[in-house]
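# Structural features, examined
Take a look at the letters that make up each chain.
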Amino acid sequence: MPYSRIVTQLRSAGCVFAEEEARLLLAEAPGPLQLAENVLRRIGGAPLEYILGWAEFEGRRIVVEAGVFVPRRRTGLLVHEAVALLTADAVPPAPAVVDLCCGSGAVGAAILHRLPGVELHAADVDPAAVACARRNVEPLGGKVHEGDLFHALPPGLRGQVQLVAVNAPYVPTDAIRTMPPEARLYEPALSLDGGPDGLDFHRRLAAEAPEWLAPGGNLLIETSRRQAAGTAAILAAGGFAVRTVRSEELDGTAVVGTVTGCAGT
């Protein structure tokens, strides 16, 4: 199947980046029959990442299996901010870092790639995500756990974690129906639904994180520009010193909550 024909078919199906997707489909298919099948799947709405078996994130290929949340480019802001915080002068050597609601483990893998000396733990409640994250994180030296938020982590981490990076679900329940079909129809609802205002998980994180964070530790949460004030207010009410970070380049927003005093002990 020629490149031009694939581009035409993808563009007719509404693929905004038809040329780039056509090149990837051509490069990754082992033969013409698989290529034709992959093009049909993409035209039918299947996420490109599921077809390829990987997603590009922070310059690396992350294994992504069907039914697992696809890492977004904007989530790179969590990685950039985490690396900046973990390389500050006051951070102890080999700090404990947690990638919570890890999905494919993209954030944890990116942090480990840049800072191989950290003790990285990733966790998710979804068994499919955990299996996928293990393929991305464990070869780099990290550990992956299955369970609900902090309940998944080894008890010995209580009060010892220097940084928790979280891309928890933050889409308001009623807004899920307005999401692109690739997300709404293919990604698991539990990776999207953040409750009525999208902030249910942020409330839980603010309540539970202080028990796990070391003094001066940071809770780093991805949020939306519209919800940032709500996320910040939740962390502030939980006793964190709060600041909001924004990347126009990545179209990403995050709120950083820093433990003050002895809140983490």
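Everything that follows concerns the structure shown earlier in this document.
Now for a look at the structure at hand. Everything numeric in this text was worked out from a predicted model, so none of it was measured.

## Focus on the nonpolar core
Within the largest apolar cluster, 36 residues are counted, with the highest numbers of intra-cluster contacts made by Ile-111 and Val-118. Those elements that provide at least two residues to this core are strand 1 (54-57), helix 5 (76-86), helix 6 (106-114), strand 4 (119-124), helix 7 (127-137), strand 6 (161-166) and strand 9 (252-258). Ranked by the residues each element gives to this core, the list is headed by helix 5, at seven residues. With residues near it in sequence (within four places) discarded, Val-118 still touches Leu-86, Pro-95, Val-97, Ile-111 and Leu-112. The next biggest cluster of nonpolar side chains, apart from the first, holds 27 residues, and it includes Ala-96, Leu-100, Ala-206 and Ala-232.

## Describing the environment of Asn-167
Residue placement: Asn-167 occurs in the loop between strand 6 and helix 8 (181-186). Those residues within four positions of Asn-167 in sequence are excluded, and the remaining contacts are Phe-69, Thr-75, Leu-78, Leu-100, Cys-101 and Glu-222.

## Observations regarding helix 5
Across the 11 residues of helix 5, nine count as buried, placing the element largely inside the fold. Taken together, the buried positions of helix 5 are occupied by Gly-76, Leu-77, Leu-78, Val-79, Glu-81, Ala-82, Val-83, Leu-85 and Leu-86.

## Observations concerning the packing of aromatic side chains
To describe a pair of aromatic rings, one takes the distance between the centres and the angle between the planes. According to the stated counting rule, one finds one aromatic pair in the structure shown. When the centroid spacing of 5.9 Å and the interplanar angle of 15° are considered together, the rings of Phe-150 and Trp-212 count as stacked. Residue Phe-150 is found in the loop between strand 5 (143-146) and strand 6, and its partner Trp-212 is found in the loop between helix 9 (200-208) and strand 7 (213-223); the two are separated by 62 residues along the sequence. Neither residue differs from the other here; Phe-150 and Trp-212 are each classed as buried. Lying across the ring of Trp-54, Arg-61 places its NZ or CZ 3.8 Å from the centre.

## Section: the pattern of salt bridges
A complete count under the given rule lists 18 salt bridges for this structure. Between Arg-72 and Glu-187 there is a salt bridge; the shortest N-O distance is 2.6 Å. Here the residue Arg-72 occupies a position in the loop between strand 2 (60-63) and helix 5, and Glu-187 occupies one in the loop between helix 8 and helix 9, the gap between them amounting to 115 residues. Glu-138 is paired through a salt bridge with Arg-134; the nearest N and O atoms lie 3.6 Å apart. Classification of Glu-138 by relative accessible area gives partly exposed; the value is 38%.

Criteria and thresholds
- Residues numbered from 1 in each chain as written.
- Predicted model: local features only at pLDDT ≥ 70, side-chain atom pairs only at ≥ 80, totals over all residues.
- Heavy atoms only, no water.
- Core = buried A, V, L, I, M, F, W, Y, C linked by side-chain atoms within 4.5 Å.
- Buried < 20%, exposed > 50% of the residue type's maximum accessible area, 1.4 Å probe, protein only.
- Helix = DSSP H or I, 4+ residues; strand = E, 2+ residues; numbered from the N terminus.
- Contact = heavy atoms within 4.5 Å.
- Phe/Tyr/Trp six-rings, centres within 6.5 Å; stacked < 30°, edge-to-face > 60°.
- Lys NZ or Arg CZ within 6 Å of the ring centre and 35° of its normal.
- Salt bridge = Lys/Arg side-chain N within 4 Å of Asp/Glu carboxyl O.

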